[in-house]
Amino acid sequence: AQTVTQSQPEMSVQEAETVTLSCTYDTSESDYYLFWYKQPPSRQMILVIRQEAYKQQNATENRFSVNFQKAAKSFSLKISDSQLGDAAMYFCAYENGGSQGNLIFGKGTKLSVKP
Amino acid sequence: DTGVSQDPRHKITKRGQNVTFRCDPISEHNRLYWYRQTLGQGPEFLTYFQNEAQLEKSRLLSDRFSAERPKGSFSTLEIQRTEQGDSAMYLCASSSDYYYEQYFGPGTRLTVT
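The notes below deal with the structure included here. (Residues numbered from 1 in each chain as written. Chains lettered and ligands numbered in written order. Predicted model: local features only at pLDDT ≥ 70, side-chain atom pairs only at ≥ 80, totals over all residues. Heavy atoms only, no water.)

Structural notes on the interface of chain A and chain B
Taken together, the contact pairs 17 residues of chain A with 22 residues of chain B. Taken over both partners, the interface formed by chain A and chain B buries close to 1,700 Å², and the fraction arising from carbon and sulfur atoms is 50%. If you look at where chain A meets chain B, you find zero salt bridges. Our count for the contact surface shared by chain A and chain B stands at four residue pairs in polar contact (both at pLDDT 80 or more). (Contact = heavy atoms within 4.5 Å. Buried area = accessible area lost by both parts, 1.4 Å probe. Salt bridge = Lys/Arg side-chain N within 4 Å of Asp/Glu carboxyl O. Polar contact = N/O pair within 3.5 Å; in protein donor to acceptor, adjacent residues only side chain to side chain.)

Written as structure tokens, this is what we have:
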């Protein structure tokens, strides 16, 4: 069975600085997708960034980028120029390529941004 | 596009009572998912619909849980004979066949006393 591990329960970053959130996963599949979701306090979960396993190029969305190391099964999220609005729970998620869309989530990392 | 909506947002019930939650997906999305999220954990998959067909169910979905999606539109999740362990946030998400992003609703927070 696939698993997703986020080893940092909490992280803190100074406004305008850069922070990296870690995620590792375990799978025997070759075709899969990886996601980072953001869940602000009392607000709904939104997709931050996605990565297809077959793509070697790391995904980037504005201030958010990933470091996808397929052989190491690592998928970290880098947030540059951190803003107060980035404070939230961040969840790493995995989906098999041939599945119906069943996402497997890690336990999350709570990110605080200090002004 | 009004997003995924869920009703109610909060539900407090006594142990042993039945509860039903509703999810309205984004109108053009034919896939609909239910997840459960307990405090300090990530969401856990419960079940999945493609149109009106329920195609996958997690082992987390005990016999007390039932989900429906009549006519492939909104979905309901019913929990019978609620237990304190059912207390959680129940999240609904929807997606299209052509793009894998799942759009989540605000969730229904269930408290069983």
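Focus: the state of the cysteines
For the coordinates displayed, the defined rule picks out two disulfides over all chains. At a sulfur-sulfur separation of 2.0 Å, the disulfide partner of A:Cys23 is A:Cys92. Classification of the bridge connecting A:Cys23 and A:Cys92 rests on its S-S torsion, roughly -70°, and on that basis the disulfide is left-handed. Of the two residues, A:Cys23 is situated in the loop between β3 (19-21) and β4 (24-26) and A:Cys92 in strand β10 (residues 88-96); the sequence distance between them amounts to 69 residues. The exposure class assigned to A:Cys23 is buried, which follows from its relative accessible area of 1%. Here B:Cys23 is linked by a disulfide to B:Cys92, with a sulfur-sulfur distance of 1.8 Å. (Disulfide = S-S within 2.5 Å. Helix = DSSP H or I, 4+ residues; strand = E, 2+ residues; numbered from the N terminus. Buried < 20%, exposed > 50% of the residue type's maximum accessible area, 1.4 Å probe, protein only.)

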